[in-house]
Every structure is written in C-alpha cells, then in structure tokens.
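As a plain string of letters, each chain reads:
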Amino acid sequence: MLSERILSQTVKTMNSHYLAMKPINDDFELPHPKKNLKYMLYIHVPFCERLCPYCSFNRFPYKKTRAVAYFKALRKEIRMLADAGYDFESAYFGGGTPTINLDELVKTINLIKRIFSVKEISCETNPNHLGDAYLDALNGKVDRLSVGVQSFDDRLLKQMDRYDKYGNAQSIACALEYASKAKVFKSLNADFIFNFPAQSLTSLKHDLNIIQEININQATFYPLMASPVVEKSLKATVGMVDYNRERKFYETICHELCDKRGAKFTYGSAWTFNANSGNMIDEYIVDYEQYPAVGSGSMSYLDNKLFVNTFSINEYIEKIDRGELSISSYVKFKKHDQMRYRFMMQLFGLKLDKVQWYADFKCTPASGLPAEYAFMKQNGAFENEDDNYITLSNRGRYLLVVMMRQFFIGVNSVRDKGRMSLPSSEQELLFKDGVTADKL
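What you see is a predicted model; the values in this text were computed from it and never measured.

Caption draft 1: Inspection of the layout of surface pockets at higher detail. The computed volume of the largest pocket comes to approximately 800 Å³. Along the walls of the largest pocket sit 25 residues, with D287, E289, R342, Q346 and Q356 positioned nearest its centre. Among the elements of the structure, helix 12 (335-348), strand 16 (351-353) and helix 13 (354-361) are those that each provide at least two residues to the lining of the largest pocket. Examining the composition of the lining of the largest pocket, we find that 5 residues originate from one element, helix 12, more than from any other. Looking at the lining of the largest pocket, its residues break down into 9 nonpolar, 7 polar and 9 charged. Roughly 460 Å³ of volume is contained in the second largest pocket. Lining of the second largest pocket is provided by 20 residues; of these, K12, P228, Q406, I409 and S413 occupy positions nearest its centre. Elements supplying a minimum of two residues to the lining of the second largest pocket: helix 1 (2-18), helix 9 (228-237) and helix 16 (394-420). The dominant element in the lining of the second largest pocket, judged by the number of residues it contributes, is helix 16, at 7 residues. Residue composition of the lining of the second largest pocket, grouped by class: 8 nonpolar, 7 polar and 5 charged.

Caption draft 2: Fine view of the packing of helix 12 against helix 13. With their axes 12 Å apart at the nearest point, helix 12 and helix 13 run at an angle of 165° to one another. One way to sum up the angle between helix 12 and helix 13 is to call them roughly antiparallel. Viewed along their axes, helix 12 and helix 13 form a crossing whose handedness is right-handed. Here helix 12 contributes K335, Q338, M339, R342, F343 and Q346 to the contact with helix 13, which in turn contributes Q356, W357, D360 and F361. Its residues placed into classes, the contact of helix 12 with helix 13 shows 4 nonpolar, 3 polar and 3 charged.

Caption draft 3: Inspection of the pairing of strand 6 (residues 120-125) at higher detail. With 6 of 6 residues buried, strand 6 lies mostly within the body of the structure. Where strand 5 (residues 90-95) meets strand 6, 4 bridges bridge the pair, whose relative direction is parallel. Residue Y92 lies in a different strand from strand 6, and its bridge partner there is S122. What joins strand 5 to strand 6 is helix 3 (residues 102-115), and the crossover it makes is right-handed. Bridge count for strand 6 against strand 7 (residues 144-150) is 4 bridges, and the pairing is parallel.

Caption draft 4: Quick peek at the packing of helix 12 against helix 16. Direction vectors running N to C along helix 12 and helix 16 enclose 125°, while the axes themselves pass 10 Å from each other. On the basis of the axis angle, helix 12 is oblique to helix 16. Considering how the two elements wind past one another, helix 12 and helix 16 form a crossing that is left-handed. Every residue of helix 16 that contacts helix 12 at Y341, M344, M345, L347 and F348 is listed here: L400, M403, M404 and F407. Tallied by class, the residues present in the contact of helix 12 with helix 16 amount to 9 nonpolar, no polar and no charged.

Caption draft 5: Summary view of unusual backbone geometry. A cis geometry characterises the amide bond from G95 onward to G96, with omega recorded as 15°. Following the sequence through the fold, G96 ends up in the loop between strand 5 and helix 3. Of note, the phi angle at N36 is positive, near 65°, even though the residue is not glycine. Along the chain, N36 turns up in the loop between strand 1 (22-23) and strand 2 (40-45). We note that D161 has phi near 60°; this positive angle belongs to a residue other than glycine. If you trace the backbone, D161 turns up in the loop between helix 5 (154-159) and helix 6 (163-166). With relative accessibility at 29%, the residue D161 sits in the partly exposed group.

Caption draft 6: Region of the structure containing the sheet that holds strand 14 (residues 305-309). The sheet built from 4 strands is open, its strands ordered 1-15-14-13 with antiparallel pairing. If you trace the sheet from one side to the other, it starts and ends with strand 1 and strand 13 (299-302), each paired once.

Caption draft 7: The arrangement of the sheet that holds strand 16 in detail. Spatially, 16-18-17 is the arrangement adopted by the 3 strands of the open sheet, whose pairing is antiparallel. Each having just a single partner strand, strand 16 and strand 17 (382-385) make up the two edges of the open sheet. Sheet twist, expressed as the mean angle between neighbouring strand axes with direction ignored, is 15°. Strand direction decides the pairing type here: strand 16 and strand 18 (residues 389-392), joined by 3 bridges, are antiparallel. Looking at the pairing, D353 lines up with Y389 of strand 18. Taken strand by strand, helix 13 contacts strand 16, strand 17 and strand 18, and its axis lies near 40° from that of strand 16. Of the strands in this sheet, strand 17 and strand 18 are in contact with helix 15 (residues 370-378), which crosses strand 17 at around 115°.

About the thresholds
Residues numbered from 1 in each chain as written. Predicted model: local features only at pLDDT ≥ 70, side-chain atom pairs only at ≥ 80, totals over all residues. Heavy atoms only, no water. 1 Å grid on protein atoms, 1.4 Å probe; cavity = no way out; pocket = protein on both sides within 12 Å on 5 of 7 lines; lining within 4 Å. Points joined across faces, edges and corners; volume = space filled by probe spheres on them. Helix = DSSP H or I, 4+ residues; strand = E, 2+ residues; numbered from the N terminus. Nonpolar A, V, L, I, M, F, W, Y, C, P; charged D, E, K, R; others polar. Axes fitted to C-alpha atoms, helices over the stretch in contact; angles between N-to-C directions. Parallel < 35°, antiparallel > 145°, perpendicular 65-115°, else oblique. Left-handed = near helix turned anticlockwise from the far one by under 90°. Contact = heavy atoms within 4.5 Å. Buried < 20%, exposed > 50% of the residue type's maximum accessible area, 1.4 Å probe, protein only. Pairing = 2+ DSSP bridges. Right-handed = clockwise from strand over helix to strand, strands pointing away.

Limitation: the analysis is restricted to geometry and does not speak to function.
Structural data, given as structure tokens:
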C-alpha cells in the first residue's frame, strides 16, 4: 500500500502545475495539424436525462431547444477544424449522453463522415437507449457503442440516481443482450464503476458473473475518480471513498475476467477488458496522443498543449456563432511533462514504444524519467523490457490504475472549477432535477 500512496501523492503534486490552466490570449490560434500524424476527433455532448452525483464531466439536464441550438453550434465548430486543415480517421462522441437527441446526433455523424476521412465512429449511451428506435437510427452510423451500466446492483443504482431513469439491473442486462444479438455494432462495451462507497466485494463479483453471461465485446471498469467536490458530496450521502479497498477490487476484476481458468476476456488497457478483437476505442485517448475536442467543457491535446473549452453552454454557442473557437484556457507541457504524459498514457495502454520515444525525445525512458522509471522498475511494474517495448506486469497494471485515477481526479477538479465559474442562470440549470429541467 505504501507504493500506491507514494504514487497517488506524486501524481497529485504533479497535477498542481501539470493542470495549472491559463486564460488564452486574444491573438490565440489553433495549432496547425502536422503531416503524417493521425488525429482522433472528440465530440462532447453535455446533456443527460438525469445527472449522476458521482460524475465530474461537464453535463446539464436535457432541454430540447437548448440541445438543438448546441448541436448546430457543434457542427459549426467541426467545420472550423476542417477549415483549419484537420482530418480524422476516428471520432468519439462522449458526454453526457450523446444519443439524447437522435436526429441531431445523426446529422452530426453525417457531417463528420462527409467532410473527414473517418473510418469508425464510437459513441456513448445509456441502457434505456438500446431499443429498436435507437439501434435502427445508429445502424451504419456508429461502429462502436459504449453503454454506461455502472453496476448490476439495484441498491447501488438507486444511490447513483440511475435506477428510475435507466432501469433496474435485470432490464439493463436484457437490454445489453438484445443490443448484442442485434449485431448492429462492431463492438459493444459496458462501462462500470468500482470502489463506489457502498459497493461490496460480493456486489462486484455479482457484476462480473453477469458480464460473462452476456455476449458483449468489452467491459471497462473505471475506479471511482472523485474530485474533492464530488468526494465531499458522496461522503454526505452514501459514504466516504475508501482507496484502501481499491486494489482488492481491481485484482478481483482481473482474476474473474482474465486470469482464472476459462476466462473469456483479455487485457485491452489497465481498466479495459476485451472479449475479442472488436475492442472499443478508449474514452481516455490511448490510441491517439493528439486529439482536438469540440463542444462545451471538452479538452484537447495538441502541439504539447492541453486546451479547455468554455463550460458555459450560452457562451459556447455565442462564440461559435461569432466564428470564434470555444477554447477558454490552456497549459503548455514542458518536455519533462510531455514525457510523463507519454509514459503514463502508453503504459496505461499496456505497452510503451521505446523506439518512438527515442525518436521524439532523443533519450530513453530510463534517462528521461529516471525517478519515475526507477520507481516502476523497483516496484515490479514491468513484465518485459527489450529494445523496442516496455510491457506491464499484473502489479504494473494496478499502479497505472492509481496513476490514471489520480491524474483524472486532477482533470475533474479543473472541470469543477469551470462549472463553478458558470453564471447563476446556468448554475441553476446544472443542479436542477433532470425531470423538471425540460419545463424551464
């Protein structure tokens, strides 16, 4: 446990300058695309039918008129990237709930396929959006679908405020099975959270048993990544987040899905498990280091800079209508931070490319990051290292879970600050009950 605590504190300290965002200047220009570099486009749709209390992503209760105006602005921003010379082979719709307005989503997908060289579209959704109307609309449009399940425990679903809106455990499992048998998507992924305060090991094993009975391509288990704001809220409602349990939970997931005799899954990343070759493009951008992101509250990583778009829906639409980019703040990564980011993200994807590393940084991982490399080496994180790659051991995968969890807690804190700066009218909308929001 000592190594995990040291690692958590180290990443937390790194975040204090790693994610120290600065307002953009008036003369800001989007970095130009680089030749021979593959990019992925991330599209953020921040609307949900119900706002989950553990979520730190930029999200608002759904209101049709507001969402239609937002999607129109989103398509204008996408065209701006095309005008700037960007092209993409992959696009990922995250949220929020991207499928919350099918007509607008399909219009946006059609635009992306028309103006870019996109080969595959990935999209997130919720279990109540797996009926025939949704499957028919997404057929031929979306290649990889990721479904926010979170748990098959009705008690936890109620605590997460998902039970009434998205269905009980049995209906969710049936919806997943139905979508799988429809064979509309190349890959069907189910997202889960582990180490939720009220979750028990018995509850987690129940989830794992059901997953292996359902014919899905992939399961993703995110550790609870609660920013200080969310952690405080959870403590007041369902209990304190206990990171001392996290490793046991993670080891149970790995054993049940991948390591025991007859297991049907293999490792796709530190927290993604694939049942076959049809794996999902990861939400956390493992396959594409450089990615522009469009939409309110989304984050881009381009030319060694992290950019954050405005969190205000109103400001976002106004900026785009004026022909301006929606980026509001940024931070530039120094060479050492670039190496740390590469080290974390590639190892999270289970393999660090040493040849690419040397070509980009003119050093080895050991010489470029001596402290980080030595820590991981001494703690048994590397399964194999040769002239080309470093791969992770079982121990190493969990250490990457710790690193990524702590890094994204920092990212979620940036999101919390962005939302807290919203005008009072949007603050009120953000925290209203999603059931009544459409009446506003």
